[in-house]
Amino acid sequence: KIHLAGRDTTLDIHSRFGSWDKETFIKKAEDLIAVIEQNKVLNEFDSIALKNLKMKKGLIESNTTSFESLGLQNDHLIHGDYHEQNVFFDENGEVSHVFDLEKVTYAPRAFEVVRSLMFIFWGSDFIQENIEKGKVYLRAYVEIYPISVEELKVGLRLNYLRQLHGFWVETEHYLKQNYRVDQFLQSGYESMQYLSENIDRLEGEVFNF
């Protein structure tokens, strides 16, 4: 319903999806790696962060896909961070209110559909039970606002690439001393690792709904 409402909006919001600059993100990864390697003794968090950054750096270096080449358009005003922790439910289990709108932006709706699937159902745990729950979610979405399987597949690629170019947890932890986000590092690392190795197979399984 948010996507339907945001399809033809003319609200003056300057935030829009854009491509990523490979060299900028490689440099950012290198800077964070250097900060961690300054520590003489690495704790468990440091070790996972280091593996995550080095993995992402390598994947970014080998990536040749840009946002523009995916062919999706910034044609919807999306929530930007839609998941079950940013909604209120009524007594019938229906969403009654949506909040936390700081990431509202113009973007392809397929990105938000896939991102919410990842956040709510999968994370780093792509067991069959969770994949089936994701299919229920997709069927419910399509009943309200149809979307093609091909568009969703591209949305999966886009979500993967955005996740690949993100260093939110490491930046908050090492540069801003914000340790509240530490809880997301392990699942983010496992999800990135899984997607990098299984995205082709996942396309076939998830979007057969």
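Before any of the text, the structure's been laid out above.
Small disclaimer: the values here were computed from a predicted structure and weren't measured.

**Examining helix α5 (residues 109-122)**
Next, step 1: End to end, α5 covers 19 Å across 14 residues, agreeing with the expected 20 Å (1.5 Å per residue, within 8%).
Next, step 2: A large share of α5 lies buried, amounting to eleven of its 14 residues.
Next, step 3: The inward-facing, buried residues of α5 contact α1 (2-5), β1 (76-78), β4 (105-107), α6 (128-144), α7 (149-164) and α9 (185-206).
Next, step 4: Within two residues after α5, Gly123 carries a phi angle of roughly 55°, on the positive side.

**Some points on the packing of aromatic side chains**
Next, step 1: The full count for this structure, using the stated rule, is eight aromatic pairs.
Next, step 2: Here a set of aromatic residues connected by ring pairs shows up, and it is made of Phe17, Phe67 and Phe111.
Next, step 3: A cation sits over an aromatic face here: Arg109 above Tyr145, 3.6 Å from the ring centre.
Next, step 4: The ring of Phe17 has Arg162 sitting right over it, with the charged end atom 4.0 Å from the ring centre.

**So, the packing of α7 against α9**
Next, step 1: Where α7 contacts α9, the axes come no closer than 11 Å and their chain directions differ by 155°. By the angle between their directions, the pair α7 and α9 is classed as roughly antiparallel. Relative to α9, α7 is oriented so that their crossing is left-handed. Here α7 contributes Lys153, Leu156, Arg157, Tyr160, Gln163 and Leu164 to the contact with α9, which in turn contributes Gly188, Ser191, Met192, Leu195, Ser196, Ile199, Asp200 and Glu203.
Next, step 2: Residues belonging to the contact of α7 with α9 are distributed by class as follows: six nonpolar, four polar and four charged.

**Observations concerning the pattern of salt bridges**
Next, step 1: Per the counting criterion, the structure on display carries 13 salt bridges.
Next, step 2: Linking Glu150 and Lys153 is a salt bridge whose minimum nitrogen-to-oxygen distance equals 3.8 Å. Taken together, the residues span about one helical turn, with Glu150 and Lys153 both in helix α7 at a distance of three residues.
Next, step 3: For Glu150, a relative accessible area of 53% gives the class exposed.
Next, step 4: In this structure, the salt-bridge partner of Glu172 is Lys176, at a minimum N-O distance of 3.2 Å. With Glu172 and Lys176 both in helix α8 (residues 168-176) and four residues apart, the pair spans about one turn of that helix.
Next, step 5: Assessed through its relative accessible area of 52%, Lys176 is described here as exposed.
Next, step 6: Ionic contacts of the salt-bridge type, sharing partners, join the residues Glu30, Lys57 and Glu61 into one network.

What counts as what
Residues numbered from 1 in each chain as written. Predicted model: local features only at pLDDT ≥ 70, side-chain atom pairs only at ≥ 80, totals over all residues. Heavy atoms only, no water. Helix = DSSP H or I, 4+ residues; strand = E, 2+ residues; numbered from the N terminus. Expected span 1.5 Å × (residues − 1). Buried < 20%, exposed > 50% of the residue type's maximum accessible area, 1.4 Å probe, protein only. Contact = heavy atoms within 4.5 Å. Phe/Tyr/Trp six-rings, centres within 6.5 Å; stacked < 30°, edge-to-face > 60°. Lys NZ or Arg CZ within 6 Å of the ring centre and 35° of its normal. Axes fitted to C-alpha atoms, helices over the stretch in contact; angles between N-to-C directions. Parallel < 35°, antiparallel > 145°, perpendicular 65-115°, else oblique. Left-handed = near helix turned anticlockwise from the far one by under 90°. Nonpolar A, V, L, I, M, F, W, Y, C, P; charged D, E, K, R; others polar. Salt bridge = Lys/Arg side-chain N within 4 Å of Asp/Glu carboxyl O.

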